[in-house]
Amino acid sequence: MKKQVYHWQPELSLSIIYWSCTFGILFLSLILTLENNQPYLVSNIVLGIFFFFVFLGFRRYFIITNDYLIIHALAPIKRKKITLSSIETVRVGLRCIELSSPELKEAKQLFIMSKKTKAAFIHQLSSNQLFHAIIIEDATLKCGKQD
C-alpha cells in the first residue's frame, strides 16, 4: 500500500516570510545573470540555492500511520510523532486546520492546506480506529495566529 502524504504550510505570516525570502534569492540570481552576457558561475550557484529552498519548502507534510500522525517539517530534527489517541480536537477552517494535542510543542498548532488535501487528510484521520478527537467545522478559523 502506497503511503499517503498530505502537504501543508505553516501559519500565514511564516509562510509569507519564507517564500518571500526564497523568491528574493531567485531575483538575485536573475539580476546576476543579466549583469553578464555569458553563463556566470555565481548566478548559477545562487539559482541552485533557490531550487534548494524551494525543495525544502515543499518538504512539509503529514503521514498517517496506524498509530501515529507524523509531522515532517523543514529540518529532520523538527519531525514530530504524535499518537492519534492524544489528539484532542481538530478545527477545520476554509483553508487551514488547527490540531490540539498535549504532545505538540504548543498546545495548538495551525497548518495551511489546500481544500482537496485537507478533505482527504480529515477523511483518513477520521477513518482511523485510534482517532477519537472532536472534529469542529469552523468557518471563522483564520490562517494566522489568533489572540
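Residues numbered from 1 in each chain as written. Predicted model: local features only at pLDDT ≥ 70, side-chain atom pairs only at ≥ 80, totals over all residues. Heavy atoms only, no water.

K.L.:
What should I look at first to understand the nonpolar core in this one?
P.N.:
Generally speaking, a soluble globular protein has its nonpolar side chains buried in company with each other. With 21 residues, the main nonpolar core has F62, L69, I87 and F121 as its most contacted residues. Sorting the residues of this core by element identifies β2 (61-64), β3 (68-72), β5 (89-92), β6 (96-100) and α3 (115-127) as the ones contributing at least two each. A per-element tally of this core places α3 first, with three residues. Listed in part, the six residues of the second largest apolar core include Y18, W19, L26 and F50. (Core = buried A, V, L, I, M, F, W, Y, C linked by side-chain atoms within 4.5 Å. Buried < 20%, exposed > 50% of the residue type's maximum accessible area, 1.4 Å probe, protein only. Helix = DSSP H or I, 4+ residues; strand = E, 2+ residues; numbered from the N terminus.)

K.L.:
Can you walk me through the environment of K142 in this structure?
P.N.:
Position of K142 among the secondary structure elements: in the segment after β8 (134-137). Overall, the relative accessible area of 54% leaves K142 in the exposed class. For K142 and V92, which are 50 residues apart along the polypeptide, the C-alpha to C-alpha distance reads 9.9 Å. Other than its neighbours up to four places away in sequence, K142 contacts C96 and L110. (Contact = heavy atoms within 4.5 Å.)

As far as function goes, none of this settles anything; it's purely spatial.
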